[in-house]
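# Report on the structure
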Amino acid sequence: MMKPIWTTFYLSLAAAVLLLASGSLLAEVWQLAGLFALMGIGWVWGKQRGRSAAAAGLLLFCLGAVYGTAVGVSVGWLVSGVIAALVAWDLDSVLHRWQFVREEDIPLFWQAHIRQLARLLVLALLLASLPLLLSLQLRFGLILGFALLAIIALSQFIRWAGK
Amino acid sequence: MVFLLALALGMIVVGLAAQRPQIISLAIPLLVYIGLALNNTPENPRWHIRRELNDSQVQVGDQITLTLTLINEGEAVKELWIHDSLPPELHLIEGETTRLLFLPPGGTHTWEYQVKGGRGVYAFTPLQMWAGETFGLFRQVMTTDAQTEVTVMPAYTPIRSLPIRPARTIGFAGPIPSRQSGTGVDFFGVRPYQPGDPLRRINWRATARYMDLPISTEFEQERLADVGIILDMRRQSALALRGRSLLEYMVPAAAAVADRLLQDGHRVGLMLYGQGIDWVTPGYGKIQRERILLTLAKARPTQYFAFENLNYLPTRLFPARSQLIFISPLVSEDEEMIFLLRAHGYTVLLISPDPIAFEQDGIPPHPYLEDAVRLAHLERRLLLSQLEQGGITVINWPVQQELGELIHSVLGHSPPPRLLRGARL
């Protein structure tokens, strides 16, 4: 019953590698494309040996994408690749967490999860394009105020999440 | 969640520092993921949970069936994780103790699993539960008060008969000849006829011999007795070898003996010697049987310096001149205290599981093993024969043999002869 989840996991990981590597190849950064391919292989290798390489995988994909922005890789490829990597990271965790789900309940869980992933895809693509379209001129004091506000909000959020 | 948030914030900081909106846009999917998870987090999950046992008291070897019932009394929770951590002595036989569930509001879920365990009293701790959302980032840990306790009583093979003959009986009809005339079935003696004696009591043969007065037959009264069972719980007596413990033979033996005696109607008490002095006051019937079994279920070997030998065995705890049944493999120097019990007027029956035969099975072959075993047997035989000479009835029990059969072969149906007061030991 877990087969569709495994398939989706491999597909999303392959999509992440393909999108990030394609963007790198189009920008003629061959080494980065190779690195993304290696990261994908490493992730699968770790997963098949029962070790969760998800956190390290997502971290490396994100770092690679950040580096990609510096070397001129198109941000559309990078954002799409990061979203696919995020889905793979999520499914990696699902595969671990759902081992305690009864066989007959898996379709129910899977449907709810797929719906949530669809929302993620749409919202992430829409919102990720905003910083590229918006351009604001802010004074330094205002930025400092926003930063302070962000720190307070973040600490409150972490405290709430901890509870 | 912390990992994802740290990664997103790191990217935003780098993006701001490098003045690159592209990097910030890379962080957006991560923040959306966190936001969606946060939006789905159950705010106030309320659950009613019940944990039931098929029986709160079972015997060793019986399966314990636990049934967990969950009723969602609040909003729908996308992922409800439940884990029932078993006491380490219990083993899962069938089913699972962890489950991830989805239950709509008002939904109910019931599941069962079977466990098995050795003798003891086991308390199940509260269930571990958390309610989370689909992405599994945010969880609300919940506590439950579904505490349960199960007692695994020792399993034993019933003993068919255990003939005893203490020096003193108590005033209720029972199976022990009391050396007093009265209602009974065994011939006790004859005496001159007294008005009121039923005609069928007249011994016509004796009357024919003594023509001047009629003679009546007397029967021996059969009464109940006070019996104290002493179970040796000292560490040095509880030999353990390759996962087997001699105590696991002694405890069922004590249970079987107590059961037999209580079924015969005797007043039975139990003392565990070794973990301090754990004492079940004498009593009758099924409730007393439960009390004794419960005490035996909890019995564990312990090591206290003060109780290393039998010097602190309370010799006046049991009713005077009653029957004592001492279950112990015996260690040297124990005989003095047993003789002292005998000297205080108790009738002592020693059931001694043979520690040498028990150990011999588990010892790897060695050139000197046979000689060592022979010497140990000689030493033990000497100790037991000394006890027998001192008026103690001894049952030397190789634990591979069934105790009931051994008692039957040693004591037979008739109780051991009782020494009269003043008779030499």
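Because the structure is a prediction, the values reported are computed rather than measured. (Residues numbered from 1 in each chain as written. Chains lettered and ligands numbered in written order. Predicted model: local features only at pLDDT ≥ 70, side-chain atom pairs only at ≥ 80, totals over all residues. Heavy atoms only, no water.)

## Quick look at the sheet that holds strand β11 (residues 148-153) of chain B
Residue and element names in this part refer to chain B. Note the following rule: Between any two strands, at least two bridges found by DSSP are needed for them to pair. Helix numbering and strand numbering both begin at the N terminus, where a helix is a DSSP run of H or I of at least 4 residues and a strand a DSSP run of E of at least 2. Comment: axis = line fitted to C-alpha atoms, over the contacting stretch for helices; angle = value between 0 and 180 degrees taken between N-to-C directions. Any pair of residues with heavy atoms lying within 4.5 Å of one another is described as a contacting pair.
The strand order β2-β11-β8 describes an open sheet built from 3 strands, whose pairing is mixed. For this open sheet the edge positions go to β2 (57-59) and β8 (120-124), each flanked by a neighbour on one side alone. Neighbouring strand axes in the sheet, compared pairwise and without regard to direction, differ in orientation by 25° on average. In this structure, β8 lies alongside β11, joined through 5 bridges in antiparallel fashion. If you follow Y122 over to β11, its bridge partner there is V150. Across the sheet, helix α5 (residues 285-298) is in contact with β2, β8 and β11; its angle to β11 comes to roughly 95°.

## Observations concerning the pattern of salt bridges
Let me state the cut-off plainly: For salt bridges, the criterion is a side-chain nitrogen of Lys or Arg within 4 Å of an Asp or Glu carboxyl oxygen. The classification of residues rests on relative accessible area computed with a 1.4 Å probe and restricted to protein chains. Under 20% of the type maximum is buried, over 50% is exposed, and intermediate values are partly exposed.
Tallied over the full model, the rule gives 19 salt bridges over all chains. A salt bridge links R289 of chain B to D259 of chain B, with the nearest nitrogen and oxygen atoms 3.1 Å apart. Note that R289 of chain B is positioned in helix α5 and D259 of chain B in helix α4 (residues 247-263), a separation of 30 residues in sequence. The class for D259 of chain B is buried, based on a relative accessible area of 8%. For D354 of chain B, the salt bridge identified is with R380 of chain B, shortest N-O distance 3.4 Å. Taken together, the residues span a long stretch of sequence, with D354 of chain B in the loop between β20 (347-353) and α7 (355-360) and R380 of chain B in helix α8 (residues 369-389) at a distance of 26 residues. The network of salt bridges with common partners includes R102, E104 and D105 of chain A.

## Some remarks on the packing of helix α3 (residues 54-70) of chain A against helix α1 (residues 2-18) of chain B
The condition is simple: Oblique is the label for every angle not falling under 35 degrees (roughly parallel), over 145 degrees (roughly antiparallel), or within 65 to 115 degrees (roughly perpendicular). We call Asp, Glu, Lys and Arg charged. Ala, Val, Leu, Ile, Met, Phe, Trp, Tyr, Cys and Pro are nonpolar, and the rest, Gly among them, are polar.
Close contact between α3 of chain A and α1 of chain B brings their axes to 11 Å; oriented N to C, the two are set at 10°. It follows from the interaxial angle that α3 of chain A and α1 of chain B lie roughly parallel. Facing A55, L58, L59, C62 and V66 of chain A of α3 of chain A, the residues of α1 of chain B in contact are F3, L4, L7, M11 and V14 of chain B. Classifying every residue of the contact of α3 of chain A with α1 of chain B by side-chain character gives 10 nonpolar, no polar and no charged.

## Quick word on the domain arrangement of chain B
All names here are of chain B. The test is simple: Each domain span listed reflects an automatic or database assignment of domains. A 1.4 Å probe defines the accessible area here, and the buried area is the portion of it lost by two parts on being joined, summed over both.
By the assigned domains, chain B splits into domain 1 (47-153), domain 2 (170-223) and domain 3 (225-411). Between domain 1 and domain 3, the C-alpha centre-to-centre distance is 40 Å. Taken together, the 8 residues of domain 1 in the interface contact 11 residues of domain 3. When domain 1 packs against domain 3, the two sides together hide about 700 Å² of surface, and 52% of this comes from carbon and sulfur. Considering only the surface of domain 1 that becomes buried against domain 3, R119, V121 and M153 emerge as the three largest contributors, covering 75% of it. The interface formed by domain 1 and domain 3 contains 1 salt bridge. Residue E248 pairs with R119 through a salt bridge whose shortest N-O separation is 2.7 Å. Of all elements in the fold, only β8 and β11 reach the threshold of two or more residues within the side of domain 1 that touches domain 3. Looking at the side of domain 1 that touches domain 3 residue by residue, the classes come out as 4 nonpolar, 3 polar and 1 charged.

## Brief notes about the packing of aromatic side chains
To keep things clear, this is the line we draw: Ring geometry is summarised as follows: Phe, Tyr and Trp rings, the Trp one being its six-membered ring, pair when their centres sit within 6.5 Å, and such pairs are stacked at plane angles under 30 degrees, edge-to-face over 60 and tilted between the two.
Under the definition given, this model contains 16 aromatic pairs over all chains. Ring centres of F9 of chain A and W43 of chain A lie 6.4 Å apart, and the angle between their planes is 65°; this geometry places the pair in the edge-to-face category. On the criterion of sequence distance, the pair formed by F9 of chain A in helix α1 (residues 3-26) and W43 of chain A in helix α2 (residues 30-48) is long-range, its members being 34 residues apart. Residue classification places F9 of chain A among the buried residues on the basis of a relative accessible area of 0%. Pairing W279 of chain B with F318 of chain B gives two aromatic rings, centres 5.1 Å apart and planes at 85°, and the pair type is edge-to-face. Separated by 39 residues along the polypeptide, W279 of chain B in strand β18 (residues 276-283) and F318 of chain B in the loop between α5 and β19 (323-327) bring together distant segments of the chain. By relative accessible area, which is 4% here, F318 of chain B ends up buried. Each residue in the set W6, F9, Y10, F36, W43 and F61 of chain A is aromatic and connected to the rest through ring pairs, giving one cluster.

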